[in-house]
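# Close look at the chain arrangement
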Amino acid sequence: MDRRQFSKTLAAAGAASALSPFGILRAQSQRLKVGVILPRSGVQGFIGQSCQKGADLAPGVIREMLGVDIELMNADWESNVDTARTRAERLIQEGAHVLVGPFDSGAATAIAQVAEQRGVPFVINIAAAPPITEQGYKFVFRNFQTAGDIVRNGLALIGDLFRATNTVPRTAVFMHVNDTFGQAMARGIGAILPTQTQLPFKIVETISYDPAAKDLTVEIGKAKATNADFLLLVCRLNDAILLRREMVKQRWYPMGVISPGSPGMYEEQFFKALGKHSEHCISNVPWYNPNAELTKVVEKAFLKQNPKDKLVFHGLNAGFTFEAILIAADSYKRARSTEPKTLAEAIRQTNITSKMMLGGPIKFNAKGQVEGIGSACLQNLNLVPTVVLPQAAATAKPVFPMPRA
Amino acid sequence: MDPVNVANLALAGVLTGLVYGLMALGLSVIFGVVRVVNFAHGEMMTIAMYAAVVLFTTLGLDPFLAILPVALAFFVLGYAMQAGLINPFITRPEHSQFMLLVAVAIIMVNALLVIFGPGARSVQLDYLLESIELGPLLLDRGKFYAALVACAASAALFAFFRYTPTGRAIRACADNWLGAKVVGLNVKHYYAFTFGLGSACVAIAGCMMVLLVDVTPPLGPYYTLLAFVIVIVGGLGSMAGALLGGVLIGVSEALAGLFITPSAKSMFSFGLLILVLLLRPQGLLGRRP
Amino acid sequence: MRAKILLSILLLVLVFFPTFAGPYALSVATLILFFAYAGQAWNVMMGFAGQLSLGHSLYVGVGAYAAAGLYFHTGLGAWAGIWLAILLCMLLGAAIGFLAFRFGISGVYFALLTIAFAEFTRIGFDHIQWLGGPGGLFIKVEHRTGWDLVNLRGTPAMFYYVMLALCALAFIFCFLLLKSKAGYYWQAIRENEEAAQALGINTFRWKMLAVVISSAMTSVAGVFYAFYYNNLFPEQIFHISRSIEIILGPIIGGIGTLFGPILGAAVLILLSDGITEGLAALGWEFPGVKQVFYGLVLLVVVMFLPRGIWPALARRLGVGK
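No experiment lies behind these values; they were computed from the predicted model shown. Counting restarts for each chain, with residues numbered from 1 along the sequence as it is written. The order in which chains are written sets their letters, starting at A; the order in which ligands are written sets their numbers, starting at 1. In keeping with the model being predicted, local features are shown solely for residues with a pLDDT of at least 70 and side-chain atom pairs are shown and tallied solely at 80 or more, while totals for entire chains, interfaces and linings include all residues.

Much of the literature gives interface size as the accessible area that the parts lose upon coming together. Residue and element names in this part refer to chain A. An automatic or database domain assignment supplies the start and end points of every domain. Entries for chain A in the domain assignment read domain 1 (23–146 + 291–373) and domain 2 (148–287 + 376–389). We call two residues in contact when their backbone-placed C-beta atoms lie within 7 Å. Taken together, the contact between domain 1 and domain 2 spans 15 residues of the former and 15 residues of the latter. Of all elements in the fold, only helix 6 (105–118) and helix 13 (315–335) reach the threshold of two or more residues within the side of domain 1 that touches domain 2. Gly counts as polar in this scheme, as do all residues outside two lists: the nonpolar Ala, Val, Leu, Ile, Met, Phe, Trp, Tyr, Cys and Pro, and the charged Asp, Glu, Lys and Arg. Residue classes in the side of domain 1 that touches domain 2 are distributed as 10 nonpolar, 5 polar and no charged. The numbering of helices and of strands both runs from the N terminus, where a helix is a DSSP run of H or I of at least 4 residues and a strand a run of E of at least 2.

Right, here's the structure in full:
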């Protein structure tokens with residue numbers, strides 16, 4: 001806290017205590033300051049800006065919903081972990097009561113340490129590396145699936161998909177990007193797939209590829225040579241586009257392309273770049289429930305702020321960023337205080353049932369991790385990612401095997 | 001492993017390599033004459049890629065036709081860059097030149113981010129998804145055309161240096177800077193001209209590259225590094241070397257990806273680079289400095 | 001005399017800094033000291049001996065992974081890891097230097113060789129599952145209120161003082177190096193290697209010494225990094241942008257000088273944060289604008305102060321180099 005803020009707080013405290021002997025009013029007359037820390041420039045700039053859209057609409061929606069005023073303090077960590085750390089310190093010094101971000105496991109660890117040292121709650125919107133919530137932190141909370149959860153849900157949905165379409169693929173070739181996320185997913189699949197005996201297929205070959213590669217001819221050539229029934233793919237956006245194009249060029253038509261839980265194939269750019277060739281690709285990802293009440297409210301706010309855009313293209317990024325802020329605001333409302341310890345305690349007691357993303361209520365376990373976040377089977381239909389499973393949230397029926405374009 | 005598949009992928013490696021070679025050509029020409037390593041090379045190509053995409057989306061101009069206007073614009077840009085920024089640096093130590101061009105690169109990448117945003121841009125042309133059948137082989141159409149352009153552009157550049165008076169004068173400046181000055185050549189003009197030519201090469205490479213990848217602002221540093229690897233392997237300053245280096249890298253990455261693991265394929269490029277540097281530091285086709 | 005007074009004042013301010021600075025300022029200061037130290041280490045090779053390395057992230061990364069890996073697998077703390085890191089990096093530096101200098105590689109070619117080794121290692125580490133691969137190496141985070149210097153576990157202020165001590169030691173060490181026989185030989189090699197050789201200086205041996213000292217010093221920065229951040233990813237620590245970050249400081253500050261790396265690191269990081277704050281105050285929050293301004297400042301400095309800021313500033317202050 002710098003001097004200016006210190007005197008401001010002092011004045012506020014003075015005024016409040018004059019009004020109320022117990023100082024309860026003080027908290028509610030203040031606003032909750034949420035430090036939103038995202039990579040809006042640098043290598044991850046694209047995703048950071050996508051997440052930011054979910055943050056920008058939060059104050060309006062939350063005021064309507066909870067009657068709580070929140071103020072966003074935006075920071076860009078520039079896809080650089082050193083910056084993530086100093087920006088987090090800066091936000092706290094500027095008076096942020098809670099931090100939200102950062103879409104990256106490396107940055108999340110750096111920020112988590114700052115939050116822990118300063119005793120300021122930190123709600124992670126997106127970051128899948130399991131160790132983050134295994135460190136015994138008291139102020140770090142994650143409302144996102146760990147890599148293991150993503151894989152487990154993703155594989156279960158693959159089983160549901162085969163049952164729903166009466167198909168029995170026997171073989172898969174598994175391709176994954178060799179970065180932090182891809183590696184965690186590959187480990188998850190290696191550990192979990194053998195236990196899923198109800199799944200009819202086995203992996204005939206695993207191909208890991210360089211996240212920086214700009215030419216994936218060989219990778220697809222290799223995959224095609226396996227003659228597998230379908231492609232199991234853990235990708236990012238740009239490589240997903242390259243891979244899909246290369247499949248068309250090399251005339252490889254497997255039964256389908258299924259992601260057990262990764263970004264890429266449901267993103268707007270994928271449709272823009274590939275047109276009809278984006279059709280029927282499937283991603284099993286943590287997603288919002290299109291039929292939920294809150295989703296409709298958020299969607300309306302989203303369209304108001306981004307008239308030319310669609311929420312569905314920012315579903316995961318904007319959705320979880322919004323929910324992270326919602327968790328903070330809801331806890332603030334219950335705690336009636338911005339005092340960090342009280343706020344952290346309130347976050348721990350969170351039980352939000354009226355939510356946007358799929359799955360059970362938002363409740364944190366002792367490690368600060370939400371369990372039971374759901375995934376959806378998202379298929380590209382008519383150039384829009386459409387929920388086809390689970391049935392309760394579905395707005396269309398799945399198509400598998402994919403027809404030849 | 002099926003021999004047809006191996007042949008297919010090796011061929012694809014050759015084609016990709018030729019396009020890489022074209023990109024590296026500009027870097028090599030500039031170093032050969034001006035003796036400055038352009039650390040903003042990949043960033044300049046990214047700008048050319050955006051130019052090609054903008055021409056395509058606004059005017060519907062095919063990237064093959066965009067070559068002419070983009071290359072011309074880049075010639076002017078390159079000339080201005082050398083005349084205005086880099087000429088005062090040619091007598092300065094390498095780290096100073098490095099610093100200058102790194103600053104230029106930072107500005108370029110982020111200016112692109114501010115102007116175009118972080119999303120990928122691409123050109124959608126149906127023929128880019130087609131393949132040419134050559135017996136059992138499948139040839140990527142866009143890549144094939146791009147490789148042809150790479151060969152044509154290199155041949156034109158080669159002819160320019162061999163047969164035109166300006167080309168000869170530039171070679172004189174490269175061989176003997178002081179001598180050229182004594183004879184009364186305007187060395188700074190020729191340096192700027194060369195940088196312009198190198199930039200025009202990059203522009204052509206950029207127009208071809210949009211056929212193969214979608215462009216995003218952070219693409220630049222990746223291609224800068226790739227261009228370095230290629231020109232060192234082929235020989236800094238050698239034009240034929242740049243193409244050869246490109247093909248070697250293209251093919252070795254394809255084979256490494258095929259027989260070892262794809263995620264480590266660029267490790268082999270760097271391994272090749274280290275070997276070449278140690279055994280033949282001037283590069284495969286370079287002259288001893 | 002004047003120089004000594006100024007130096008004492010600076011040291012005094014730095015020693016008492018944590019008592020009046022907030023945590024944000026402390027984290028920025030720690031970052032400055034980190035880059036000042038790494039820049040100082042790089043400066044031994046480039047500024048003193050004239051060998052341009054663009055791949056110093058290699059030594060930061062190997063140092064960090066050595067110490068963190070040892071801790072992760074055996075529980076041996078930083079006190080042990082630091083020696084392993086230094087040893088590995090000295091061997092690595094010696095190997096690269098030996099190959100390069102034996103085969104007569106210099107100038108731009110040497111610089112590109114160093115990049116190649118760093119990139120080669122980065123991708124290599126992506127395939128070492130034992131050290132986490134691209135998934136990252138996470139070591140146990142401990143929050144202690146006290147100081148445990150032996151294991152590098154403690155408060156942010158402790159990390160600040162560790163970095164400050166490293167910087168001070170590096171400063172004194174480099175001062176002594178410059179005054180030693182090595183310093184004079186390096187200077188001769190830097191100015192004109194052929195002439196130095198003609199004078200009977202064994203240039204190979206002295207260049208090797210510079211590389212080995214520089215790599216050993218840099219590895220210590222890596223050890224610090226590992227225990228400060230508690231997680232490592234090859235993609236981040238070996239990346240070429242980290243090498244560039246390390247060398248921007250000394251180049252901007254003044255290459256070959258003792259104060260250059262320190263001043264350069266301070267100027268760059270304060271500039272970076274300053275631009276962020278300034279743009280926020282103006283309400284210009286377009287991602288990327290900050291870096292454009294940063295690049296412009298670099299451009300102006302390198303154009304108008306070719307020898308860096310420190311030599312110009314030193315003249316103003318009336319102190320020597």
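What follows deals with the interface of chain B and chain A. Each partner contributes residues to the interface: chain B has 30 residues there, and chain A has 31 residues. Only helix 1 (3–34), helix 4 (94–116), strand 2 (137–140), helix 10 (239–259) and helix 11 (265–279) of chain B provide two or more residues apiece to the side of chain B that touches chain A. Considering each element in turn, the side of chain B that touches chain A owes the most residues, 5 residues, to helix 1 of chain B. Residues belonging to the side of chain B that touches chain A are distributed by class as follows: 13 nonpolar, 13 polar and 4 charged.

What follows is about the interface of chain C and chain B. The partner chain B presents 30 residues to the 36 residues of chain C that form the contact. If you list the elements that add at least two residues to the side of chain C that touches chain B, you get helix 5 (107–125), helix 11 (240–253) and helix 13 (289–304) of chain C. With 12 residues, the single largest contributor to the side of chain C that touches chain B is helix 5 of chain C. Taken together, the residues that form the side of chain C that touches chain B break down as 28 nonpolar, 6 polar and 2 charged.

Before going further, it helps to examine the sheet that holds strand 3 (residues 98–101) of chain A. All names here are of chain A. In this scheme, strands are said to pair when DSSP sees at least two bridges between them. Spatially, 5 strands are ordered 2-1-3-4-5 in an open sheet, and the strand pairing comes out parallel. The sheet is open, and its two borders are formed by strand 2 (70–76) and strand 5 (140–142), each paired with just one other strand. Adjacent strand axes in the sheet meet at a mean angle of 25° when their direction is disregarded. Inter-axis angles, ranging from 0 to 180 degrees, are taken between N-to-C directions of lines fitted to C-alpha atoms, where helices are fitted over the stretch in contact.

Inspection of the secondary structure assignment puts F233 of chain C in the loop between strand 4 (231–232) and helix 10 (234–237). Sequence-wise, F233 of chain C and M45 of chain C are 188 residues apart; in three dimensions their C-alpha atoms are separated by 26 Å. If we skip the residues at most four places from it in the chain, F233 of chain C touches G106 and T180 of chain A together with P134 and G136 of chain C.

Our next topic: the nonpolar core. Counting residues in each nonpolar core, the largest one holds 361 residues, and the members touching the most others are I111 of chain A together with V19, A48 and I204 of chain B. Two domains share this core, each providing at least three of its residues, namely domain 1 (23–146 + 291–373) and domain 2 (148–287 + 376–389) of chain A. Think of a nonpolar core as buried Ala, Val, Leu, Ile, Met, Phe, Trp, Tyr and Cys residues, each tied to the set through C-beta atoms within 7 Å. Buried residues are those with 20 or more other C-beta atoms within 10 Å of their own C-beta, exposed residues have 12 or fewer, and partly exposed residues lie in between; C-beta atoms are placed from the backbone.

The next point concerns the environment of L166 of chain C. Mapped onto the secondary structure, L166 of chain C falls in helix 6 (residues 156–179). In the structure, L166 of chain C is positioned 111 residues away from E277 of chain C in sequence and 29 Å away in space, judged by C-alpha atoms.

All names here are of chain A. Burial analysis of strand 11 (residues 375–381) places 6 of its 7 residues in the buried class, the great majority of the element. In the sheet, strand 10 (residues 282–286) pairs with strand 11 via 5 bridges, with the strands oriented antiparallel. Residue pairing for strand 11: I282 is matched across the bridge by Q379. Across 5 bridges, strand 11 lies against strand 12 (residues 384–389) in antiparallel orientation. Each residue of the ladder has a partner; that of C377, found in strand 12, is L389. What sits between strand 11 and strand 12 in their antiparallel hairpin is a turn of 2 residues, with N382 showing a positive phi close to 50°.

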